[in-house]
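One-letter residues, chain by chain:
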Amino acid sequence: MRIQFKTSYDHDMRLFPDAWTACVYGALMVVMVLLPVLLDEFFLGEITNVLIWAIGGLGLMLLTGQSGQASLGHAAFLAMGCYSNTILIEQGLPFVIAFPLAGVLTGLFGMVIAIPAIRLHGIYLAMATIAVSVLADDVIVLLEPWTGGVSGKFPEPIVIFGFEIERWSQPGRFYYLVLAVTVISTLFYRNLLRAPMGRAFAAVRDSEVSATALGVHIPRTKAIAFGLSCMITGWAGALMGYHAGTFNNETFSLVISITLLMMIVIGGLGSIHGAFLGAAVVAFLPQALSMTTDLFGGSGVAIPGLETGVFGLILILFILFEPTGIYGRWLKIRTWFELFPFARKAMFRRQKSYLKTERLR
Amino acid sequence: MSLLEIRNATLKFGGVVAVNDLSFAIEEGEVYAIVGPNGAGKSTVFNMISRFYAPFAGQFRFDGQDLLTVRPDQVANLGIARTFQNIELFDQATVLQNLLVGRHRHRQSTLLEELFFAPRVRAEERRHRHAVEEVIEFLDLQAYRDKRIAGLPYGIRKVVELGRALASGPRLLLLDEPASGLSVEETQDMRWWIDDIRRQMGITVLMVEHDMGLVSGVCDRVLALADGARLAEGTPAEVQSDPRVIEAYLGTGAV
Ligand SMILES: Nc1ncnc2c1ncn2[C@@H]1O[C@H](COP(=O)(O)OP(=O)(O)O)[C@@H](O)[C@H]1O
Ligand SMILES: [Mg+2]
């Protein structure tokens, strides 16, 4: 068992709780930086894909896991980030300005969208946000002069201060760009959690009445959560555009919204790890499935709907048996080993929650 | 001037008159209790002060300011903190995080600074932490600092909720049944704490409580309510011996 000796208040403000954890993440970072040398192009592309999904997952996690608002409209914000980045660059802005700006614009757009949605809770909010996802498709077609409509767009190669990044011929460079955005998004997320606004998100999620009584303005806090979430999601969308090489009105469909939400539930709601673990599942599931069907002599015949079906099944199993997701399961396994042989089955049994004031929401 | 002054407050829920033409005033530095049978309208009074319910009629003044002109989230900023009858904590967060939310009204950093965890955020966090640690020390919560609320026993939750209200640094503390559900020992602790909150911290306390032992132990004045209206007001001994109060309690079968 690891015992932490805390010697100052700053201890709880650190990025990593102890030296050991800092070393583990340091080592992970070194491996990530070395990956282009270690892996071939195919696997590097797969890892890039995982990271892009993870950024999108972080975006939605901030909203759903942290402030407790579910959204089934996030594909629309992926699209907004993707299109605005491409359009800004076409208008002559350099990538280093267009890319961050695309995220910020998506965030502001998300805040505006959030205003009518803020009064809604849980499943009603999820249903309202579906509309956003569905509408996005039509809006992209309607705005054909800018978006290219049904025929879509091909993003130009990225140029950063004269340094060119072409996704197909220079997968290593593109990977580093994605890695950098991943690290920045993760740091933003982590910083927020140790600052007042992150705590206000949790307060809004767990009890709106007492959050209000402590001075938290509920609509404003929810709108900020929406805005930050959409900003990060917008970045993921822009990267998805580059990664796919082309996109049109059907690229960011409702299915993508659903996948994103399922991803963070499977990974583990409310944790940064959950976004990454969920992303790995989403990105590797198709491969794992095709390998399994090959194994059973499927001889390459694609079974329609198999992927979605298996994905849905995994989600249901998680909700039934492990609502805390992969990351929650991992924490339990780790604790079991750390306490061996003293772990007790009842240790993680959830406490009955005490009566809440129903009249005041 | 009284710290909190309520005049002719009335609130109806449909046909039910929850609070009926009620007036009272609390002086700075006193501990004031509202007692009365269940459904008398005690929590409703709290919810009007918190601005969760808007009264049909009446005046609410805190330190000379009209309470009815502020939003519910601005009440904390005036220096009013509260607890809830049915404990409203942030269940998925730790005790420390709950208490830190109590500091929210003192937040000065901007969102941008927080995203980068700028030096100012760090400096402010240290101050918040310092204030919260004083509360943790005061309420003996050290052992629970990093525990999640979801796994804590009821008695500890009550204390954490009191701590969260204290962490906001209030001038007026509203406690809705602070001792309900507590053991004899825990109630005794609560009594010392309320005493110290008034004496050492100089905070004015308004509480709703059924435990007459606690009420007569810590309160200067008591207001007895029945059906949303005033029955009697005075020292705990005066109110307890008031025939109307005795009758109201006997009538409902409560103690
Ligand atoms: N939100 C509400 N909607 C309808 N009736 C309410 C509401 N809140 C309180 N009441 C009613 O107002 C009366 C006073 O309730 P309350 O203030 O909770 O009593 P107590 O003195 O036990 O705290 C009760 O009759 C209760 O049913
Ligand atoms: Mg009550």
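Residues numbered from 1 in each chain as written. Chains lettered and ligands numbered in written order. Predicted model: local features only at pLDDT ≥ 70, side-chain atom pairs only at ≥ 80, totals over all residues. Heavy atoms only, no water.

You'll find chain B entered in an unreviewed UniProt entry as Lipopolysaccharide export system ATP-binding protein LptB, with Tritonibacter horizontis given as the organism.

Looking at an unreviewed UniProt entry, one finds chain A named Leucine/isoleucine/valine transporter permease subunit, with Tritonibacter horizontis as its source organism.

> Where do I start with the overall build of chain B in this structure?
Summing up its helical and strand segments, chain B has ten helices and ten strands in all. Computed over its C-alpha atoms, the radius of gyration of chain B comes to 19 Å, within 12% of the 18 Å expected for a compact globule of 255 residues. In terms of principal-axis extent, the alpha carbons of chain B reach across some 60 × 40 × 35 Å. The buried share of chain B, reckoned over its 255 residues, is 55%. Once local pairs closer than 6 in sequence are excluded, the contacts in chain B between residues at least 24 apart make up 66%. With the model as given, the accessible surface of chain B reaches about 10,500 Å², and the carbon-plus-sulfur share is 50%. Considering chain B, the positive charge centre built from 28 side chains and the negative charge centre built from 35 side chains are found 6 Å apart. (Helix = DSSP H or I, 4+ residues; strand = E, 2+ residues; numbered from the N terminus. Rg over C-alpha atoms; globule rule 2.2 N^0.38 Å. Buried < 20%, exposed > 50% of the residue type's maximum accessible area, 1.4 Å probe, protein only. Contact = heavy atoms within 4.5 Å. Areas by Shrake-Rupley, 256 points an atom, 1.4 Å probe, with all protein chains shown as cover. Lys, Arg positive; Asp, Glu negative; His and termini not counted. Charge placed at Lys NZ, Arg CZ, Asp CG, Glu CD.)

> How do you make sense of the interface of chain A and chain B when you look at a structure like this?
Bring the parts together and some accessible area is lost; that lost area is often taken as the interface size. Listed per partner, the contact involves 38 residues of chain A and 47 residues of chain B. Across the chain A to chain B interface the summed buried area is about 4,000 Å²; carbon plus sulfur atoms make up 62%. When residues of chain A are sorted by the area they lose upon contact with chain B, Tyr9, Arg199 and Leu214 of chain A head the list and together hold 19% of the total. At the boundary of chain A and chain B, one finds two salt bridges. (Buried area = accessible area lost by both parts, 1.4 Å probe. Salt bridge = Lys/Arg side-chain N within 4 Å of Asp/Glu carboxyl O.)

> Can you help me understand unusual backbone geometry in this one?
Backbone geometry follows two general trends: most residues other than glycine have a negative phi, and most peptide bonds adopt the trans configuration. All names here are of chain B. Its identity is not glycine, yet Phe117 carries a phi of approximately 45°, on the positive side. In this fold, Phe117 is placed in the loop between helix H4 (111-115) and helix H5 (119-138). Look at Asp227: it is not a glycine, yet its phi comes out positive at around 50°. Looking at where Asp227 falls in the secondary structure, it is placed in the loop between strand S9 (221-226) and strand S10 (229-234).

> Would you mind going over the sheet that holds strand S3 (residues 31-35) of chain B with me for this structure?
Paired through their backbone hydrogen bonds, the strands of a sheet run either parallel or antiparallel. Residue and element names in this part refer to chain B. With mixed pairing, the six strands of this open sheet are ordered in space as S6-S7-S8-S3-S9-S10. The two strands at the open ends of the sheet, each matched to only one other strand, are strand S6 (80-82) and S10. Strand after strand, the sheet turns through a mean of 20° between neighbouring axes, direction not considered. As paired elements, S3 and strand S8 (residues 204-208) share four bridges and run parallel to each other. The partner of Tyr32 across the bridge, within S8, is Leu206. (Pairing = 2+ DSSP bridges. Axes fitted to C-alpha atoms, helices over the stretch in contact; angles between N-to-C directions.)

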